[in-house]
Amino acid sequence: MTVSSGSPGWYLRRLSRMGPREVGGRAADAVRRRRWRSAPPPECPDAAGARFTAVLPPGAIDAVPPDAAKRLVAEADRLMAGRAGFFGVERDDLADPDWWYDPRTGRRAPGGYAFDVPYRDEEAVGDIKQIWEPSRHQYLTVLAAAYAVTGNERYAERVAEHLRSWWAVNPPLRGVHWTSGIELGIRLLSWVWIRRLLDGWPGAAGLFEDNPVAHHQIWHHQRWLAALPSRGSSANNHVIAEAAGQFAASCAFGWFPASARRRADALRSLERHLRANTFGSGLNRELATEYHGLVLELGLAAVAEADAADVPVPASVRLVLLRMTDALAAVVDDRLRPPRQGDADDGHGLVLDGAGTDRWGSLLATGDAVFGRLDWWPAVTGADVRTPLLAALIRPGIPSVPLGRAPSPGARPGRTTPSDGWPRPAARARRAAPPNGGPRPARRGQAPDLMAPAAGGDRPVGAGAPVSRPARRPAHFADAGLTVLRGPGGIWCRCDGGPHGFLSIAAHAHADALSVEVRHDGVDVLADPGTYCYHGQPEWRRYFRSTLGHNTLELDGADQSVSGGPFLWTRHARSRVLVADPSGAVDGETARWCAEHDGYRGSVHRRRVELTAASRELRVVDEVRGPRREVRLAFHLGPAITADLAGNRALLTWRRDGEDRSAVLDLPGGLSWRAHRGETDPPLGWYSAGFGRREPATTLVGTGFTDGARTFTTVLGFQG
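Residues numbered from 1 in each chain as written. Predicted model: local features only at pLDDT ≥ 70, side-chain atom pairs only at ≥ 80, totals over all residues. Heavy atoms only, no water.

Peer 1: What am I meant to see in the overall build of the protein here?
Peer 2: What the protein contains, in helices and strands, is 17 helices and 23 strands. Scored against the burial criterion, the 720 residues of the protein give a buried share of 60%. Partitioning the intrachain contacts of the protein with sequence separation of at least 6 by distance along the chain shows that 72% fall at a separation of at least 24. Taken as a whole, the protein presents about 26000 Å² of accessible surface, with 50% of it coming from carbon and sulfur. (Helix = DSSP H or I, 4+ residues; strand = E, 2+ residues; numbered from the N terminus. Buried < 20%, exposed > 50% of the residue type's maximum accessible area, 1.4 Å probe, protein only. Contact = heavy atoms within 4.5 Å. Areas by Shrake-Rupley, 256 points an atom, 1.4 Å probe, with all protein chains shown as cover.)

Peer 1: How should helix α15 (residues 359-371) be read in this particular structure?
Peer 2: Since one α-helical turn is 3.6 residues long, residues separated by three or four positions face the same way. Over its 13 residues, α15 extends 18 Å from the first C-alpha to the last, a length consistent with the 18 Å expected when each residue adds 1.5 Å. Burial analysis of α15 places 11 of its 13 residues in the buried class, the great majority of the element. R359, W360, G361, S362, L363, L364, T366, G367, A369, V370 and F371 are the residues of α15 that are buried. The inward-facing, buried residues of α15 abut α13 (289-309), α14 (315-331) and α16 (386-393). (Expected span 1.5 Å × (residues − 1).)

Peer 1: Would you take a moment to explain the nonpolar core for this structure?
Peer 2: The tendency in soluble globular proteins is for nonpolar side chains to be buried side by side. Membership of the largest hydrophobic core comes to 147 residues, with the highest contact counts inside it found for V176, W191, W193, L198, F208 and F253. If we ignore the near neighbours within four places in the chain, the residues touching W193 are L56, T141, E305, L350, L352, L389, L390 and L393. (Core = buried A, V, L, I, M, F, W, Y, C linked by side-chain atoms within 4.5 Å.)

Peer 1: Looking at this structure, I do not really get the sheet that holds strand β4 (residues 482-487). What am I missing?
Peer 2: In any sheet, the strands associate via hydrogen bonds between backbone groups, in a parallel or an antiparallel arrangement. Taken in spatial order, the 5 strands of this open sheet run β3-β4-β5-β6-β7, and their pairing is antiparallel. Two strands lie at the open edges of the sheet, namely β3 (476-477) and β7 (523-526), each paired on one side alone. Across 2 bridges, β3 lies against β4 in antiparallel orientation. Following the sheet pairing, H476 is matched in β4 by T483. Sitting on the sheet, α14 touches β3, β4 and β5 (491-496), and the angle it makes with β4 is about 40 degrees. (Pairing = 2+ DSSP bridges. Axes fitted to C-alpha atoms, helices over the stretch in contact; angles between N-to-C directions.)

Peer 1: It is not clear to me how the environment of R318 should be interpreted in this structure. Could you clarify?
Peer 2: For R318, the location among the structural elements is in helix α14. In this structure the C-alpha to C-alpha distance between R318 and V370, which are 52 residues apart in sequence, comes to 9.9 Å. A polar contact is formed between the side chain of R318 and the side chain of D307, at a distance of 2.8 Å. (Polar contact = N/O pair within 3.5 Å; in protein donor to acceptor, adjacent residues only side chain to side chain.)

Peer 1: It is not clear to me how the side chain of D307 should be interpreted in this structure. Could you clarify?
Peer 2: Mapping D307 onto the fold places it in helix α13. The exposure class of D307 is buried, given its relative accessible area of 0%. From its side chain, D307 meets the backbone nitrogen of R395 in a polar contact 2.9 Å long.

Peer 1: Sorry, what's going on with unusual backbone geometry here?
Peer 2: Leaving glycine aside, a negative phi is the common case for residues, and trans is the common case for peptide bonds. Cis geometry marks the peptide bond from D681 to P682; its omega dihedral reads 0 degrees. By the secondary structure assignment, P682 is in the loop between β19 (679-680) and β20 (683-684). Positive phi is not limited to glycine here, since D346 has a value of about 60 degrees. Tracing the chain through its elements places D346 in the loop between α14 and α15. Despite not being glycine, D521 shows a phi value in the positive range, around 55 degrees. Looking at where D521 falls in the secondary structure, it is placed in the loop between β6 (516-520) and β7. Exposure remark for D521: the relative accessible area of 15% places this residue in the buried category.

Peer 1: Before we go on, may I ask you to explain the pattern of salt bridges in this structure?
Peer 2: Where charged atoms from two side chains of opposite charge come close, those side chains can pair. Within this structure, the stated rule accounts for 52 salt bridges. Close ionic contact of R494 with D528 constitutes a salt bridge, the shortest N to O distance being 3.7 Å. Here D528 lies in the loop between β7 and α17 (538-544) and R494 lies in strand β5, a separation of 34 residues in the sequence. You'll find R494 and D528 in the same group, each marked buried. Here R519 ties to D524 by a salt bridge, and the two come within 3.1 Å at their closest N and O atoms. For the residue pair R519 and D524, the accessibility class agrees, reading buried in each case. In this structure, a network of salt bridges that share partners links the residues D333, R337, R494, E517, R519, D524 and D528. (Salt bridge = Lys/Arg side-chain N within 4 Å of Asp/Glu carboxyl O.)

Peer 1: Got a minute to help me understand the packing of aromatic side chains in this structure?
Peer 2: When we look at a pair of aromatic rings, we describe it by the centre distance and by the angle of the planes. Evaluation of the coordinates by the stated rule reveals 19 aromatic pairs. Considering the side-chain rings of Y543 and F544, the 5.1 Å spacing of their centres and the 70 degrees angle between planes classify their relative orientation as edge-to-face. Assigned by exposure class, Y543 and F544 land together as buried. Ring pairing ties together the aromatic residues F52, W166, W167, W191, F208, F253, W255 and F256, which thus form one cluster. A cation sits over an aromatic face here: R359 above W360, 5.0 Å from the ring centre. (Phe/Tyr/Trp six-rings, centres within 6.5 Å; stacked < 30°, edge-to-face > 60°. Lys NZ or Arg CZ within 6 Å of the ring centre and 35° of its normal.)

Peer 1: Is there a simple way to think about the packing of α14 against α15 in this case?
Peer 2: Axis angle and axis distance: for two packed helices, these are the angle between their axes and the distance between the axes, and together they describe the pair. Running from N to C, α14 and α15 point in directions that differ by 130 degrees, and their axes come no closer than 10 Å. When the interaxial angle is binned, α14 and α15 end up oblique. Crossing of α14 against α15: the hand is left-handed. Two secondary-structure elements touch here, α14 through R318, L321, L322, T325, L328 and A329 and α15 through W360, L363, L364, G367 and F371. Here the residues of the contact of α14 with α15 sort into 8 nonpolar, 2 polar and 1 charged. (Parallel < 35°, antiparallel > 145°, perpendicular 65-115°, else oblique. Left-handed = near helix turned anticlockwise from the far one by under 90°. Nonpolar A, V, L, I, M, F, W, Y, C, P; charged D, E, K, R; others polar.)

Peer 1: I would appreciate a short explanation of the pairing of strand β13 (residues 604-612) in the present structure.
Peer 2: Consecutive side chains of a regular strand alternate in pointing toward one face of the sheet and then the other. Here 8 bridges tie strand β12 (residues 590-597) to β13, and the two strands are oriented antiparallel to one another. Opposite C594, over in β13, you have R608 as the bridge partner. Relative to strand β14 (residues 617-636), β13 is paired through 9 bridges, and the arrangement is antiparallel. Note that in β14 the partner of H605 across the bridge is V624. Between the antiparallel neighbours β13 and β14 lie 4 residues, among them R616 with a positive phi of about 50 degrees.

Peer 1: Explain the confidence of the model for the protein here, please?
Peer 2: Atom-level detail of predicted coordinates should not be read off regions where pLDDT is low. On average, residues of the protein score 90 in pLDDT, and 90% of them are at 70 or above. Taken as a whole, residues 404-444 scores under 50 in pLDDT and shows 90 contacts with residues more than four places along the chain or in a different chain. (pLDDT = per-residue confidence, 0-100.)

Peer 1: Honestly, the pairing of β6 in this entry has me stumped. Any pointers?
Peer 2: Counting buried positions along β6 yields 5 of 5 residues, so the element is predominantly enclosed. Burial along β6 is two-sided: V516, V518 and H520 and E517 and R519, pointing in opposite directions, are all buried. By the bridge criterion, 5 bridges tie β5 to β6 in an arrangement that is antiparallel. Bridging across to β6, C495 finds its partner in V516. Direction of pairing for β6 relative to β7: antiparallel, over a ladder of 3 bridges. Across the sheet, residue R519 finds its bridge partner in β7, namely D524. Turn length for the β6-β7 hairpin, with the two strands adjacent in sequence and antiparallel, is 2 residues, and the turn residue D521 shows positive phi of about 55 degrees.

Given below as structure tokens:
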């Protein structure tokens, strides 16, 4: 049974997943918080003479495409009217926001010392995500971008009004907005971009560099992040957001005596944790795709600040971002949609665009501008605001692997051989994109380790050995256990045979071992249902991350991995891929994948998937070896799919671009099949397109028993 986050049982289980070093660090953090409670926050050091120099270069704003600017201004005008949507809740009160109010529950968070606020308790505080999200101030970066594009001062004035309001009611260490480091880190990054985008507005200096209140807020955000980093089993995307925000602010707002030290410390943390959070193939180790996007956005934003301030960055930072970008290009479907794997909370690192901008297309466009696209990359249509602005700051080109030992990330700028191996040109003329190609991977379709030096092909910028990039589109990521099978007509199938999650708690993992996700021309046919919520609705949190909540097989009504709380798994199912040959369907033959896991003690679940191009047919064979046990096999259909179930055959129909499409799903005859849709007690038959949103969708569940070595065969045939 899942234990509520914050309960005594949860704390005991959480403690059991920590090592001695983490326990010691958290004990020191507790002492520091207690000491901070008993003493008023110190005054920040004098920042007289502060200046902001990290401005956009001339012509950067002119490079924003008209369509992207139009979407931006439309969104900004909606915000000016006080309207915005957060996690499925539409608000109309943002002209004069209550920074502690949750519109979903109607509750208002209590005040007082920050670390006394029980932010995980929805009854006491409200939905914390609804309260935190506006205070990331990413809607203010949108308004600031609208000012930069249009020159209309009403956008700038609204930004200034809201910042002054927030600073007034959220003094250091008071209230719910000082409880979580990721919130402080992202907020600092937003403030840096707000100041950059307001450059040219007469009130910009008075809002930031000439404003003691702004100095006080910035310095205390940095003090908090320096003292209370996420650590140990929590060193996931949170610590990267903390380091990126600290680094960005220390570069752009380097007005304090400790700025240089904090910049160096943050860069060391960012470099270390970017590597730790990323597989050699480039996929994020949390195996939660939206966090891949968040970390990539944060990393690119941090490099932009480094280049704007002429601060050397270790080559490994750019290498990780290059790997992540190529991996993203490899896994998206024909409509640029990545897998819906693991947790997703709609979190962004830097928001400069209006509604309707494709997040993943934007990231690939930025990757093209910074690193250069490869021949196999999917085409990116549409345009965005963020890409030309980041590209105006980041030096483009392929990074290199240093031939000797690189200096530490905190090395002094201006040295003859900088630690990142990048030249320091007097004028940053944009280099041509590097040529495509690189060495062929050791195994066809498998993602290479891009940290390895290349035999040739890619031209790096700076000294050192060139870095390999995949010559063909990778389809099997062995370290992440993720395999993509592709077939004609936009058939896309993700197979999951990877680790349960990242670190000892696997906070953002779902119990989805051996699950499949199938799309046709970008439409979810066999869908990953999503995430929906984190805090406050435990029955829904359990469902959306359960084994039954995914396209896989459940035994005896239990999850494959054991949950100890909403962000805690105390036992992890171990999976291994036995066969991965994704190239067959591309060549007109059959692609194959096979894996197994040990999540059910005494039994082994093995799954085989075959995608045959000629027949446009996907075959899924499940084998369970072990004693007699109850079986439930689930297939979750996307919200656009209508299912007509008769016995063990379902006719699936949907429309795409005005055309009728269909498929037949032949289900195992040894199970009894039922269709479920929109059920609440318990939850079953739901799809969450985004955090805080859910809609009914059909789930087909087959029930029965297995003993010895039983197989169940499912065939999905696409008809048009």
